[in-house]
Amino acid sequence: MAGCSSPLFLGLRMKKIISVFIDESGDFEAFDKAAPYYLVTMLFHNQEDSIKEELARLDNSLLQKGFIHPHHLHTGPLIRREEVYRDMDIELRRHIFAAFMNFARHIEFTYKTFIIPKKAGDVASLELIKNLSIAIKDFLSQKEEVWDRFDEIIVYYDNGQIQLTKILASAFSDSRVGFRMIKPAQYRLFQIADLITTLELTELKYQNGKNSRSELLFFKSMRDFHKNFYKHMIKKREE
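Heads up: these notes are all about the structure in this document. (Residues numbered from 1 in each chain as written. Predicted model: local features only at pLDDT ≥ 70, side-chain atom pairs only at ≥ 80, totals over all residues. Heavy atoms only, no water.)

Regarding the pattern of salt bridges
Okay, step 1: In the structure shown here, the tally under the stated rule is 15 salt bridges.
Okay, step 2: Notably, a salt bridge pairs E215 with K205, separated by 2.8 Å at the nearest N-O pair. Taken together, the residues E215 in helix α9 (residues 213-219) and K205 in helix α8 (residues 188-207) connect sequence positions 10 residues apart.
Okay, step 3: What makes E215 buried here is its relative accessible area of 8%. (Salt bridge = Lys/Arg side-chain N within 4 Å of Asp/Glu carboxyl O. Helix = DSSP H or I, 4+ residues; strand = E, 2+ residues; numbered from the N terminus. Buried < 20%, exposed > 50% of the residue type's maximum accessible area, 1.4 Å probe, protein only.)

Spelled out as structure tokens, the structure:
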């Protein structure tokens, strides 16, 4: 169309924005054999891909089951029957988990989970910070062509750990990047990042024969975990 490249037309063009939701599991303390890994999940969502209809279905599904905290999902406590889930029976908790999983399957996003082993003898957080920084920067540099499609990159994190906050600030150094400190209950996609981290950690523990009693009870079996949940989520995983 003649004239479509004029400054006026470009000024009216809608901004293309990608959201990056960050969740983590573990800490930057010295090695602990009970928690030998640190995981960081990045969920990528193009804001042009609406989640409005699927979000309405999710909320309706939760409310029909009488879930009195419809805006809250914290997957680990859900599995372990902690926090707001402590008085819920296992069938309701499984329904909540399945509802969020169904929501995740039907919306558009991709994700990357970074898994950094913590080794006995490492100097507390120094090796972890170095290895995680390298992994994140390498991944982001490989995706430069993807970032170039967007006018703005918004990174959402709850600032849970200051070390990770600093790593993210260094890795996402592009002038198009903006940071938002959020509360987990504010964004469903942040909660889905938490769900992904839990799935990846459960799989990691399975590979090492370390699944907890509460995980085995909740998922019934690791075969069911893979069949009903994990295999569907990894279709969205970035390599």
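Some remarks on helix α5 (residues 126-142)
Okay, step 1: The end-to-end C-alpha distance of α5, which contains 17 residues, comes to 25 Å, matching closely the 24 Å that a straight helix rising 1.5 Å per residue would cover.
Okay, step 2: Tucked into the core, α5 has its buried residues touching β2 (37-46), β3 (110-117), α6 (144-147) and α7 (162-171). (Expected span 1.5 Å × (residues − 1). Contact = heavy atoms within 4.5 Å.)

Some words on the environment of F67
Okay, step 1: Take F67: it is sitting in the loop between α2 (52-64) and α3 (75-80).
Okay, step 2: Classification of F67 by relative accessible area gives buried; the value is 2%.
Okay, step 3: Taking the C-alpha atoms as reference, F67 lies 34 Å from I153; in sequence the two are 86 residues apart.
Okay, step 4: Setting aside residues no more than four positions away along its own chain, F67 makes contact with L62, H72, Y85, M88 and I96.

Things to note about the nonpolar core
Okay, step 1: Counting residues in each nonpolar core, the largest one holds 40 residues, and the members touching the most others are I96, F97, F109, I192, L199 and M233.
Okay, step 2: Broken down by secondary-structure element, the contributors of at least two residues to this core are β1 (17-25), α2, α3, α4 (90-105), β4 (152-157), α8, α9 and α10 (222-233).
Okay, step 3: With 8 residues, α4 is the single largest residue contributor to this core.
Okay, step 4: Ignoring anything within four residues of it in the chain, the contact list for F97 reads T75, L78, I79, L195, L199, F218, F219 and F229. (Core = buried A, V, L, I, M, F, W, Y, C linked by side-chain atoms within 4.5 Å.)

Digging into the packing of aromatic side chains
Okay, step 1: In this structure the tally under the stated criterion is 14 aromatic pairs.
Okay, step 2: On the basis of an interplanar angle of 90° and a centroid distance of 5.2 Å, the ring pair of F218 and F219 is categorised as edge-to-face.
Okay, step 3: Using a relative accessible area of 3% as the deciding quantity, one classes F218 as buried.
Okay, step 4: Take F219: its relative accessible area is 3%, and that puts it in the buried class.
Okay, step 5: Grouping aromatic residues by their ring pairs yields a cluster made of F97, F218, F219, F225, F229 and Y230.
Okay, step 6: Over the ring of F114 we find K112, and its NZ or CZ is 5.8 Å from the ring centre.
Okay, step 7: Just above the ring of F109 sits the side chain of K236; from NZ or CZ to the centre is 4.8 Å. (Phe/Tyr/Trp six-rings, centres within 6.5 Å; stacked < 30°, edge-to-face > 60°. Lys NZ or Arg CZ within 6 Å of the ring centre and 35° of its normal.)

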